[in-house]
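Descriptive structure summary
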Number of protein chains: 2
Amino acid sequence: MAHIKALVFDVFGTLVDWRTSIAHHAEQQLAPLGVRDDWLAFADDWRAQYQPAMEEVRTGRLGYVKLDTLHRRNLDVVLRARGHHAINDATRARLNLAWHALQAWPDVAQGLSALRQQFVLGPCSNGHIALMANLARHNGWHWDAILGAELAQDYKPKAVVYTTAAAALDMAPHEVMMVAAHSNDLQAAAASGLRTAFVARPHEYGPNTGEPRATVPVDFEASDLPHLARLLRLE
Amino acid sequence: MAHIKALVFDVFGTLVDWRTSIAHHAEQQLAPLGVRDDWLAFADDWRAQYQPAMEEVRTGRLGYVKLDTLHRRNLDVVLRARGHHAINDATRARLNLAWHALQAWPDVAQGLSALRQQFVLGPCSNGHIALMANLARHNGWHWDAILGAELAQDYKPKAVVYTTAAAALDMAPHEVMMVAAHSNDLQAAAASGLRTAFVARPHEYGPNTGEPRATVPVDFEASDLPHLARLLRLE
């Protein structure tokens, strides 16, 4: 592992708790309008549209558009499905920005700060550049560069997203390690030549719903980011 | 000026003193090999190849390549022209990375830190992402996102570089202000709808060789970055 120079991160689920954040923002913005709902279920429904929407781009049926565009289209689907028809465009646009203000898991700011002493850090997320910059401001993170879907003009787990991230850092794929809480993301990164680290987020979709362990071979497996920092210092 | 949300920066000359930095690195790396030269003249000659090399990309005669590739080709030209023929490839490759370790002008770290309290910040440079990330590490800067030539796959002053920077921030061009020490850069940014701020770097090419004042209309004109921060707080 002597030649790892950079760590690139999945963000939704791995660094931020999108589920309770989205539930909170939705309740804050819609409840004052008289909307009643199960807000965690609302968040789950919105997130459930995420992979199918990206698949349109990954298959080439739709040219690359930023995640905001997909989130907004998905929001319309969810509001309709849950019977909330009287929400105007301005409210929808504002609620869509909830994805730019998600709360990090409690270990992340400290963990990234420790890791940055040793490695170049960047997100390799399906979120676009502005969304990543806003999440970093919101949570006090310091990225060296924002990598990911917008730079590659395609969505993970397509190989081009991982290889574009390494190339943008002037690094070979094996000098870059993908950090994620999702085995499929790490499997795709490894197939592109990146090193991989699994970080457990067992409560991503609610208590004991996330992956407790990687289901694919990985280079490192950690319980949180400070744990990962300790593992990497021992190498 | 109430709606400026982001500042994007020219880097070579505006934030870093490329001339004495390159002279220093060249002397450090080549003098021990027995090479004698006027190192400031060496730096000037290397830089003189910069615009012609980018023009190959801007005109479409050459597809986009990172600035490292152009710098390396230009280095070969300069070494040949100055009679230094016996420099091997490894030395040339190492010297080429001198552009990743340029020293900032003394006001920059403090100035960027003050400006970041109020604005989203990013470089909008012809340097590529890895070079920008390395310069930021070297000088202790905190960018929100790295914008510029690599993202646009073309070189300033082509309009696409400025408009791509604003679009990547999810902002309209008039919400973004280009900060530079070069009137031609600001003129091109303004033509794309960005606001503009001139920062004087009168010694860029040696004592009293830079532009003391903008030669085109600009929104702000400052003597250094802390001065710019003060001007923007008064708006």
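Parameters and conventions
- Residues numbered from 1 in each chain as written.
- Chains lettered and ligands numbered in written order.
- Predicted model: local features only at pLDDT ≥ 70, side-chain atom pairs only at ≥ 80, totals over all residues.
- Helix = DSSP H or I, 4+ residues; strand = E, 2+ residues; numbered from the N terminus.
- Rg over C-alpha atoms; globule rule 2.2 N^0.38 Å.
- Buried ≥ 20, exposed ≤ 12 C-beta atoms within 10 Å, placed from the backbone.
- Contact = placed C-beta atoms within 7 Å.
- Least-squares fit on C-alpha atoms with pLDDT ≥ 70 in both.
- Nonpolar A, V, L, I, M, F, W, Y, C, P; charged D, E, K, R; others polar.
- Pairing = 2+ DSSP bridges.
- Axes fitted to C-alpha atoms, helices over the stretch in contact; angles between N-to-C directions.
- Domains from an automatic or database assignment.
- pLDDT = per-residue confidence, 0-100.
- Left-handed = near helix turned anticlockwise from the far one by under 90°.
- Parallel < 35°, antiparallel > 145°, perpendicular 65-115°, else oblique.
- Arc of directions from axis to C-beta.
- Right-handed = clockwise from strand over helix to strand, strands pointing away.

Helices and strands together make up the secondary structure of chain A, namely 11 helices and 6 strands. Computed over its C-alpha atoms, the radius of gyration of chain A comes to 18 Å, within 12% of the 18 Å expected for a compact globule of 235 residues. For chain A, the C-alpha atoms occupy an extent of roughly 55 × 35 × 30 Å along the three principal directions. Relative to its 235 residues, chain A shows a buried fraction of 45%. For chain A, the share of sequence-separated contacts (at least 6 apart) that also reach a separation of at least 24 residues comes to 62%.

Right, let's talk about the relation of the copies chain A and chain B for a bit. For these two chain copies, the linking operation is a rotation about an axis paired with a shift along it. By a simple turn and slide, chain A fits onto chain B: the slide is 0.0 Å along the axis, the RMSD is 0.0 Å, and the turn is 180°. Overall, the copies show the geometry of a two-fold rotation axis. Of every C-alpha in chain A, the one belonging to A145 of chain A sits nearest the axis of rotation, 3.1 Å from it. Same-surface contact between copies: 100% of interface residues of chain A are shared with the interface of chain B.

Before going further, it helps to spend a moment on the interface of chain A and chain B. Taken together, the contact pairs 14 residues of chain A with 14 residues of chain B. Element by element, the count of residues in the side of chain A that touches chain B is highest for helix 7 (residues 129–139) of chain A, at 5 residues. Of the residues contributing to the side of chain A that touches chain B, the split by class is 9 nonpolar, 1 polar and 4 charged.

Here we take up the sheet that holds strand 5 (residues 195–199) of chain A. All names here are of chain A. Strands sit in the order 3-2-1-4-5-6 across an open sheet of 6 strands; the sheet is parallel. Every interior strand has two partners, whereas the edge strands, strand 3 (147–148) and strand 6 (220–222), have only one. As paired elements, strand 5 and strand 6 share 3 bridges and run parallel to each other. Following the sheet pairing, V199 is matched in strand 6 by A222. Strand contacts of helix 11 (residues 225–233): strand 4 (176–180), strand 5 and strand 6, with the helix running at about 140° to strand 6, the strand carrying the most contacts.

Residue and element names in this part refer to chain B. On the basis of which strands lie adjacent, the open sheet formed by 6 strands has the order 3-2-1-4-5-6 and parallel pairing. Of all strands in the sheet, those bounded by a partner on one side alone are strand 3 (147–148) and strand 6 (220–222). Both strand 1 (residues 6–9) and strand 2 (residues 120–125) contribute to a ladder of 4 bridges, which runs parallel. Bridged to A6 within strand 2 is V120.

Residues and elements named next belong to chain A. Partitioning chain A into domains gives domain 1 (6–17 + 102–233) and domain 2 (18–100). One C-alpha centre belongs to domain 1, the other to domain 2, and the line joining them spans 23 Å. Listed by partner, the interface residues are 20 residues for domain 1 and 15 residues for domain 2. A per-element tally of the side of domain 1 that touches domain 2 places helix 7 first, with 3 residues. Among the residues making up the side of domain 1 that touches domain 2, the classes are represented as 7 nonpolar, 8 polar and 5 charged.

Turning to the confidence of the model for chain A, a few remarks are in order. Taken over all residues, the pLDDT of chain A has a mean of 97, while the share at 70 or more is 98%. As scored by the predictor, the complex reaches a pTM of 0.96 and an ipTM of 0.96.

Between two packed helices, what matters for the description is the angle formed by their axes and the separation of those axes. All names here are of chain B. Where helix 1 (residues 18–30) contacts helix 2 (residues 39–48), the axes come no closer than 8 Å and their chain directions differ by 115°. Considering how the two elements wind past one another, helix 1 and helix 2 form a crossing that is right-handed. On helix 2, the residues that touch W18, R19, I22, A23, A26 and E27 of helix 1 are W39, L40, F42, A43, D44, W46 and R47. Among the residues making up the contact of helix 1 with helix 2, the classes are represented as 9 nonpolar, no polar and 4 charged.

Let's shift gears to the packing of helix 3 (residues 50–58) of chain B against helix 4 (residues 67–81) of chain B. All names here are of chain B. Relative to each other, helix 3 and helix 4 sit at 130°, their axes nearing to 10 Å. One way to sum up the angle between helix 3 and helix 4 is to call them oblique. At the point where helix 3 passes helix 4, the crossing takes the right-handed sense. Along the contact surface, helix 3 presents Y50, A53 and M54, while helix 4 presents L70, R73 and N74. A class-by-class count of the residues in the contact of helix 3 with helix 4 yields 4 nonpolar, 1 polar and 1 charged.

Taken together, the buried positions of helix 6 (residues 108–116) of chain B are V108, G111, L112 and L115 of chain B. Take helix 6 of chain B and look down its axis: the buried residues cluster within an arc of 95°, on one side only.

A word on the pairing of strand 2 of chain B. Successive side chains on a regular strand alternate, one facing one side of the sheet and the next facing the other. Residue and element names in this part refer to chain B. Within strand 2, 6 of the 6 residues are buried, leaving the element largely enclosed by the surrounding structure. Burial along strand 2 is two-sided: V120, G122 and C124 and L121, P123 and S125, pointing in opposite directions, are all buried. In the sheet, strand 2 pairs with strand 3 via 2 bridges, with the strands oriented parallel. Bridged to C124 within strand 3 is L147. Where the polypeptide runs from strand 2 across helix 7 (residues 129–139) and back to strand 3, its parallel neighbour, the crossover connection is right-handed.

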